[in-house]
Amino acid sequence: MVHCSCLLFRKFGNFVDNLRLFAKGGSGGMGYPRLGGEGGKGGDVWVVAHTKMTLKQLRDKYPQKRFVAGAGANSRVSALKGSKGKDCEIPAPVGISVKDENGKIIGELNKEEDRILVAEGGLGGKLLTNFLPLKGQKRIIHLDLKLTADVGLVGFPNAGKSSLLSRVSHAKPAIADYAFTTLKPQLGKIMYSDYKQISVADLPGLIEGAHMNKGMGHKFLKHIERTRHLLFVVDISGFQLSSQTHYRTAFETIILLTKELELYKEELQTKPALLAVNKMDLPGARDKFQDLMNQLQNPKDFLHLFERSMIPERTMAFQHIIPVSAVTGEGIEELKNCIRKSLDEHADQGNDAYRKKQLLNLQTSSEPPSKHAVTIPEGVELKSTNSGIDRNTIWT
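If you're wondering where the values come from, they're calculated on a predicted model, not measured in any experiment.

A. Region of interest: the overall build of the chain. In terms of helices and strands, the chain carries 8 helices and 14 strands. Counting every position in the chain, which comprises 396 residues, the buried fraction comes to 51%. Within the chain, counting contacts between residues at least 6 apart in sequence, those at least 24 apart form 74% of the total. Split by element, the accessible area of the chain, about 19200 Å² in all, is 50% carbon and sulfur.

B. Expanded view of the sheet that holds strand E11 (residues 197-202). Taken in spatial order, the 6 strands line up as E10-E11-E9-E12-E13-E14 in an open sheet, and their pairing is mixed. Edge strands, defined here as strands with exactly one partner in the open sheet, are strand E10 (186-191) and strand E14 (318-323). For this sheet the average axis-to-axis angle between neighbouring strands, irrespective of direction, equals 25°. Note that strand E9 (residues 151-154) and E11 share 3 bridges and pair parallel. When the sheet's bridge partners are listed, Gly 152 is paired in E11 with Ala 201. Strands in contact with helix H5 (residues 250-264) are E9, strand E12 (229-235), strand E13 (273-278) and E14; relative to E12, the strand with the most contacts, it is inclined by about 145°.

C. Molecular detail of helix H7 (residues 332-346). In a regular helix each residue adds 1.5 Å, so 15 residues correspond to 21 Å; H7 covers 22 Å between its end C-alpha atoms and thus fits that length. Buried within H7 are the following residues: Ile 332, Leu 335, Lys 336, Cys 338, Ile 339, Ser 342, Leu 343 and His 346. For H7, the buried positions fall inside an angular range of 160° around the axis, keeping them on one side.

D. The arrangement of the nonpolar core in detail. Ranked by internal contacts, the top residues of the largest apolar core, which has 33 residues, are Leu 230, Phe 232, Leu 275, Val 277, Leu 292, Leu 296 and Phe 318. At the level of secondary structure, the elements contributing two or more residues to this core comprise E12, H5, E13, helix H6 (285-297) and E14. Per-element tally for this core: the top contributor is H5, with 7 residues.

E. Representation of the pairing of E14 within the structure. Of all the 6 residues making up E14, 6 are buried; the element is thus mostly covered by neighbouring parts of the structure. Pairing between E13 and E14: 4 bridges, direction parallel. Bridge assignment links Leu 275 to a residue of E14, and that residue is Ile 321. Running through H6, the crossover from E13 to the neighbouring parallel element E14 is right-handed.

F. Summary view of the packing of aromatic side chains. The final tally for this structure, using the stated rule, is 5 aromatic pairs. Ring geometry for Phe 156 against Phe 239: centres 5.5 Å apart, planes inclined by 20°, an arrangement best described as stacked. A residue pair is termed long-range when its members are at least 10 positions apart, and Phe 156 in the loop between E9 and helix H3 (161-168) and Phe 239 in the loop between E12 and H5 qualify at 83 residues. Phe 156 gets classed as buried once you look at its relative accessible area, which sits at 2%. Three or more aromatic residues link up through ring pairs in this structure, and these residues are Phe 251, Phe 302 and Phe 306. Lying over the aromatic face of Trp 46, Arg 115 brings its terminal NZ or CZ to 5.3 Å of the ring centre. Here the guanidinium or amino end of Arg 340 rests over the ring plane of Tyr 192, the centre of that ring lying 5.1 Å away.

G. Examining the sheet that holds strand E5 (residues 96-100) more closely. Taken in spatial order, the 5 strands make up an open sheet running E3-E1-E8-E5-E6, and their pairing is mixed. Two strands in the sheet have a free side with no partner beyond their single neighbour: strand E3 (66-68) and strand E6 (105-109). Direction aside, neighbouring strands of the sheet carry axes that sit 25° apart on average. Two elements, strand E1 (residues 18-24) and strand E8 (residues 138-145), share 7 bridges in a ladder whose sense is antiparallel. Considered in E8, the bridge of Leu 21 is made with Ile 141.

H. A look at the pattern of salt bridges. Within the structure shown, the criterion is met by 17 salt bridges. For Asp 44, the salt bridge goes to Lys 41, with nearest N and O atoms at 2.7 Å. Among the ionic pairs, Glu 333 bridges to Lys 336, the shortest N-O distance being 3.4 Å. Taken together, the positions of Glu 333 and Lys 336, both in helix H7 and 3 residues apart, correspond to about one turn of that helix.

I. Layout of H5. Helix length check: H5, at 15 residues, gives a terminal C-alpha distance of 21 Å against a target of 21 Å (1.5 Å per residue), a fit within 8%. With 13 of 15 residues buried, H5 lies mostly within the body of the structure.

J. Looking closely at the packing of H3 against H7. At a minimum axis separation of 10 Å, H3 and H7 run at an interaxial angle of 85°. Taken as axis vectors, H3 and H7 run roughly perpendicular relative to one another. Residues Leu 164, Arg 167 and Val 168 of H3 form the contact with H7, whose participating residues are Ile 332, Leu 335 and Lys 336. Considered class by class, the residues forming the contact of H3 with H7 number 4 nonpolar, no polar and 2 charged.

K. Just unusual backbone geometry, in detail. Positive phi is not limited to glycine here, since Lys 65 has a value of about 55°. Inspection of the secondary structure assignment puts Lys 65 in the loop between helix H2 (55-61) and E3. Residue classification places Lys 65 among the partly exposed residues on the basis of a relative accessible area of 30%. Its identity as a non-glycine residue notwithstanding, Tyr 195 has a phi of 75°, on the positive side. Mapped onto the fold, Tyr 195 is located in the loop between E10 and E11. On the basis of relative accessible area, Tyr 195 is assigned to the exposed category, the value being 75%.

Parameters at a glance
- Residues numbered from 1 in each chain as written.
- Predicted model: local features only at pLDDT ≥ 70, side-chain atom pairs only at ≥ 80, totals over all residues.
- Heavy atoms only, no water.
- Helix = DSSP H or I, 4+ residues; strand = E, 2+ residues; numbered from the N terminus.
- Buried < 20%, exposed > 50% of the residue type's maximum accessible area, 1.4 Å probe, protein only.
- Contact = heavy atoms within 4.5 Å.
- Areas by Shrake-Rupley, 256 points an atom, 1.4 Å probe, with all protein chains shown as cover.
- Pairing = 2+ DSSP bridges.
- Axes fitted to C-alpha atoms, helices over the stretch in contact; angles between N-to-C directions.
- Expected span 1.5 Å × (residues − 1).
- Arc of directions from axis to C-beta.
- Core = buried A, V, L, I, M, F, W, Y, C linked by side-chain atoms within 4.5 Å.
- Right-handed = clockwise from strand over helix to strand, strands pointing away.
- Phe/Tyr/Trp six-rings, centres within 6.5 Å; stacked < 30°, edge-to-face > 60°.
- Lys NZ or Arg CZ within 6 Å of the ring centre and 35° of its normal.
- Salt bridge = Lys/Arg side-chain N within 4 Å of Asp/Glu carboxyl O.
- Parallel < 35°, antiparallel > 145°, perpendicular 65-115°, else oblique.
- Nonpolar A, V, L, I, M, F, W, Y, C, P; charged D, E, K, R; others polar.

Right, here's the structure in full:
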């Protein structure tokens with residue numbers, strides 16, 4: 001465990017997803033009282049989005065993390081109206097939320113060349129100011145990166161998310177047999193035969209208590225806020241972080257992952273979600289998958305396994321449940337097709353309106369927490385492990 005903790009600290013330090021900066025607008029130029037001349041306005045400080053920029057590059061290029069715009073020119077006989085000071089631009093990656101020191105969002109950068117004014121230059125001296133210039137605005141700002149992707153992989157360490165990402169896309173994430181292999185977000189793209197592309201993000205693994213910022217906590221959870229769909233990835237054999245922690249079955253893992261999302265931000269439960277049951281190549285996996293499907297059909301019969309505080313108020317609605325093996329490739333094509341189908345089904349729905357409606361449903365629901373149901377569509381045999389359960393198999 002000591003080895004893992006040191007590795008986690010060392011490697012995660014190479015990835016930067018939040019940066020604190022100082023920004024100051026330029027001072028205005030002096031006015032010219034005798035001739036009524038007006039000094040130039042100070043330059044402004046802008047945060048500008050660039051697709052090839054990262055926060056780590058920004059930090060390394062500007063280690064002082066200070067950005068000051070130019071001062072406005074003084075008024076003079078040859079130029080009674082002073083010229084404006086030079087603006088200062090802070091290059092930032094796409095997917096940034098810009099916040100002030102109190103955490104209030106100033107704006108967001110969602111595409112190339114988006115820009116946000118963060119510190120305004122001072123006015124030049126003129127009659128109203130007794131020809132004295134004003135100082136520029138000073139501000140501490142925070143650049144907060146939230147990964148943007150079509151699908152975000154959600155799962156505890158060693159669920160096989162990195163292996164799955166490498167199977168469905170062209171990404172080459174680090175893969176090993178110990179917990180916390182993925183220590184920074186990895187992005188991949190699923191390429192389809194008709195040239196459609198879907199972006200998938202493998203995010204650092206959660207642990208129990210992530211909502212309280214344990215482990216990678218909020219560094220993980222904040223990134224899934226911008227993903228359009230969630231893909232839960234669970235190990236059919238269950239999960240145990242260490243000899244000092246509880247062993248969790250695949251069913252318990254699903255419940256606990258859902259609870260972590262709920263406790264961090266309830267709205268995350270309104271996102272469309274799929275479930276990939278991984279490592280189906282392991283001995284006994286078929287029987288365990290049968291058990292899992294039985295638990296998903298009758299969850300209330302198994303809630304006695306949990307402490308009351310661990311049971312989510314409302315479970316995730318899985319559009320598809322697909323048994324897969326990232327090692328052998330079993331179910332991978334089916335998974336890719338299900339991901340596309342789910343995205344296409346929600347493409348015409350306004351994401352914001354859809355989530356607000358779903359969140360309202362969550363808030364006004366009067367159903368008791370333990371009342372859950374799973375509907376298996378006609379014609380689907382649980383013994384069939386070569387194809388996924390279709391979108392009618394959901395938790396409600």
